[in-house]
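# Descriptive analysis of the structure
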2 protein chains.
Amino acid sequence: MTDTPLFAPPGSHEAVEEGLALTPHFGADGLIAAVVVDDESGDVVMVAWMNAEALSRTIATREGWYWSRSRQELWHKGATSGHVQTVTDIRIDCDQDAVLLRVRTAGTGANCHTGRKGCFYRRVTAGADATGPVLEFTGDEPLFDPKAVYKG
Amino acid sequence: MTDTPLFAPPGSHEAVEEGLALTPHFGADGLIAAVVVDDESGDVVMVAWMNAEALSRTIATREGWYWSRSRQELWHKGATSGHVQTVTDIRIDCDQDAVLLRVRTAGTGANCHTGRKGCFYRRVTAGADATGPVLEFTGDEPLFDPKAVYKG
């Protein structure tokens, strides 16, 4: 870790949206949203968060690094489970406050801590009139047993 | 608007991840991340934010409603530009703090306020050794002129 900022601060509105400088806009919590797409299927498999260090490491190593909001620590995806993500493409959005990764995931290919390929395994449906919206499973089955992989 | 909560509060860890009740976990700012995929191409076209009211309206009307963080107001996508999003699928992730929409977008089909189909029109590349990462355009051209559509 270093005290030197890892990225230059955002410039003008025009520079942020139409320029060639990477100047990510981290939120008040120091984080930026990261959307992760499976490189083979093109499906969105997870949404995670990055601080500057995680984004910098992801760019430098071409592996998925995130900031775990629940554990409040830098998180090398796959360090525990073996599901390391090799990053094949990194994009940033118009106002540079979200990144989009394409990844190839090692091991079973699971990206979700529940053991599934991706985190979006439930659909929101209208439900019966009186009850409001409910969820239905889309049929994505776990590829590994999280209880056997994550200890404690 | 009503004082009755629009969604039930999250239950147990197990209920949130493996249950059939929609209990979105809004952040301290009252917002949840919404990833938007173009229904035809499958490409991620934008990341936006929803408060409970925006999510509720999106589910009820099957059109994209968001919370504009810059304007601090509820935002019916396309109200100004005509690019209304018809929602064909809504998913929620494992811990119910992100939603994934598939949409068909009216008019030119643009989803980005810069006039482009999507917001992720720049790739992060390693850059020359000494300079660090830079951006390159992926070739997505604007489909409309934002200056002519958005006034003031």
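Residues numbered from 1 in each chain as written. Chains lettered and ligands numbered in written order. Predicted model: local features only at pLDDT ≥ 70, side-chain atom pairs only at ≥ 80, totals over all residues. Heavy atoms only, no water.

As annotated in an unreviewed UniProt entry, chain A is Phosphoribosyl-AMP cyclohydrolase from Kaistia hirudinis. Annotation of chain A in UniProt includes, under Subunit (unreviewed entry), the sentence "Homodimer." (UniProt positions renumbered as here; feature names shortened; annotations may be inferred.)

Further remarks concern helix α2 (residues 52–61) of chain B. Listed in full, the buried residues belonging to α2 of chain B are Glu53, Ala54, Leu55, Thr58 and Ile59 of chain B. In the stretch just after α2 of chain B, Arg62 of chain B is the one whose phi turns positive, near 60 degrees. (Buried < 20%, exposed > 50% of the residue type's maximum accessible area, 1.4 Å probe, protein only. Helix = DSSP H or I, 4+ residues; strand = E, 2+ residues; numbered from the N terminus.)

A separate point is the pattern of salt bridges. Overall, the coordinates contain 20 salt bridges over all chains when judged by the stated rule. The residue Lys117 of chain B makes a salt bridge to Asp38 of chain B at a minimum N-O spacing of 3.3 Å. Here Lys117 of chain B is found in the loop between β6 (98–105) and β7 (122–125), whereas its partner Asp38 of chain B is found in strand β1 (residues 32–38), with 79 residues between them in sequence. The exposure class assigned to Lys117 of chain B is partly exposed, which follows from its relative accessible area of 31%. Between Arg57 of chain B and Glu53 of chain B there is a salt bridge, with the nearest N and O atoms lying 2.9 Å from each other. Of this pair, Arg57 of chain B and Glu53 of chain B both sit in helix α2, separated by 4 residues, roughly a single helical turn. A relative accessible area of 29% means that Arg57 of chain B is categorised as partly exposed. A relative accessible area of 14% means that Glu53 of chain B is categorised as buried. A network of salt bridges, in which partner residues are shared, links Asp89 and Arg91 of chain A together with Arg123 and Glu136 of chain B. (Salt bridge = Lys/Arg side-chain N within 4 Å of Asp/Glu carboxyl O.)

As recorded in UniProt, the sites labelled "binding site: Mg(2+)" (unreviewed entry) are Asp93, Asp95 and Asp97 of chain A. With respect to the helices and strands, Asp93 of chain A occurs in the loop between β5 (85–92) and β6 (98–105). When neighbours within four sequence positions are excluded, Asp93 of chain A is seen to be in contact with Ala98 of chain A together with Cys119, Phe120 and Arg122 of chain B. Looking at Asp93 of chain A, its side chain comes within polar contact range of the main-chain nitrogen of Asp97 of chain A, at 3.0 Å. (Contact = heavy atoms within 4.5 Å. Polar contact = N/O pair within 3.5 Å; in protein donor to acceptor, adjacent residues only side chain to side chain.)

The next thing to look at is the sheet that holds strand β1 (residues 32–38) of chain A. On the basis of which strands lie adjacent, the open sheet formed by 6 strands has the order β2(A)-β1(A)-β6(A)-β5(A)-β7(B)-β8(B) and mixed pairing. Looking at strand neighbours, the two that pair on one side only are β2 (44–50) of chain A together with β8 (134–137) of chain B, the edges of this open sheet. In this sheet, adjacent strand axes meet at a mean angle of 35 degrees when their direction is disregarded. Here β5 of chain A pairs with β6 of chain A via 7 bridges, running antiparallel. Following the sheet pairing, Thr86 of chain A is matched in β6 of chain A by Arg104 of chain A. Against the sheet, helix α2 (residues 52–61) of chain A makes contact with β2, β5 and β6 of chain A together with β7 of chain B, and its axis sits at roughly 125 degrees relative to β2 of chain A, the strand it touches most. (Pairing = 2+ DSSP bridges. Axes fitted to C-alpha atoms, helices over the stretch in contact; angles between N-to-C directions.)

It is worth spelling out the UniProt feature "domain: Phosphoribosyl-AMP cyclohydrolase" (unreviewed entry) in chain A at this point. Using the residue numbers shown here, the UniProt feature "domain: Phosphoribosyl-AMP cyclohydrolase" (unreviewed entry) corresponds to residues 46–121 of chain A. Secondary structure within residues 46–121 of chain A divides into 13% helix and 38% strand; the distance between the first and last C-alpha atoms comes to 10 Å.

Below, the discussion takes up the interface of chain B and chain A. On the side of chain A, 44 residues touch chain B, which itself brings 44 residues to the contact. A combined buried area of about 3,800 Å² lies between chain B and chain A, and 58% of that area is made up of carbon and sulfur atoms. Per-residue buried area on chain B facing chain A is highest for Phe120, Arg122 and Val124 of chain B; these three make up 17% of the total on that side. Across the chain B-chain A interface, the total number found is 6 salt bridges. Measuring nitrogen to oxygen at the nearest pair gives 2.6 Å for the salt bridge that ties Arg123 of chain A to Asp89 of chain B. (Buried area = accessible area lost by both parts, 1.4 Å probe.)

Taken residue by residue, a regular strand's side chains alternate between the two faces of the sheet. Summarising the sheet, β5 of chain A and β7 of chain B pair through 2 bridges and their orientation is antiparallel. In the sheet register, Ile92 of chain A faces β7 of chain B, and the bridge partner there is Arg122 of chain B. Bridge analysis of β7 of chain B against β8 of chain B gives 4 bridges, and the strand direction is antiparallel. Residue Arg122 of chain B lies in a different strand from β8 of chain B, and its bridge partner there is Phe137 of chain B.

This next bit is on the packing of aromatic side chains. Geometrically, a pair of aromatic rings is defined through the distance of the ring centres and the angle of the planes. All names here are of chain A. A full pass over the atoms with the stated rule returns 7 aromatic pairs over all chains. Here the aromatic rings of Phe7 and Phe26 are separated by 6.2 Å at their centres, their planes lie at 40 degrees, and the arrangement is tilted. Here Phe7, found in the segment before α1 (13–18), pairs with Phe26, found in the loop between α1 and β1; they are 19 residues apart in sequence, far enough to count as distant. Residue class for Phe7 comes out buried when judged on its relative accessible area of 13%. Over the ring of Trp65 we find Arg57, and its NZ or CZ is 4.6 Å from the ring centre. (Phe/Tyr/Trp six-rings, centres within 6.5 Å; stacked < 30°, edge-to-face > 60°. Lys NZ or Arg CZ within 6 Å of the ring centre and 35° of its normal.)

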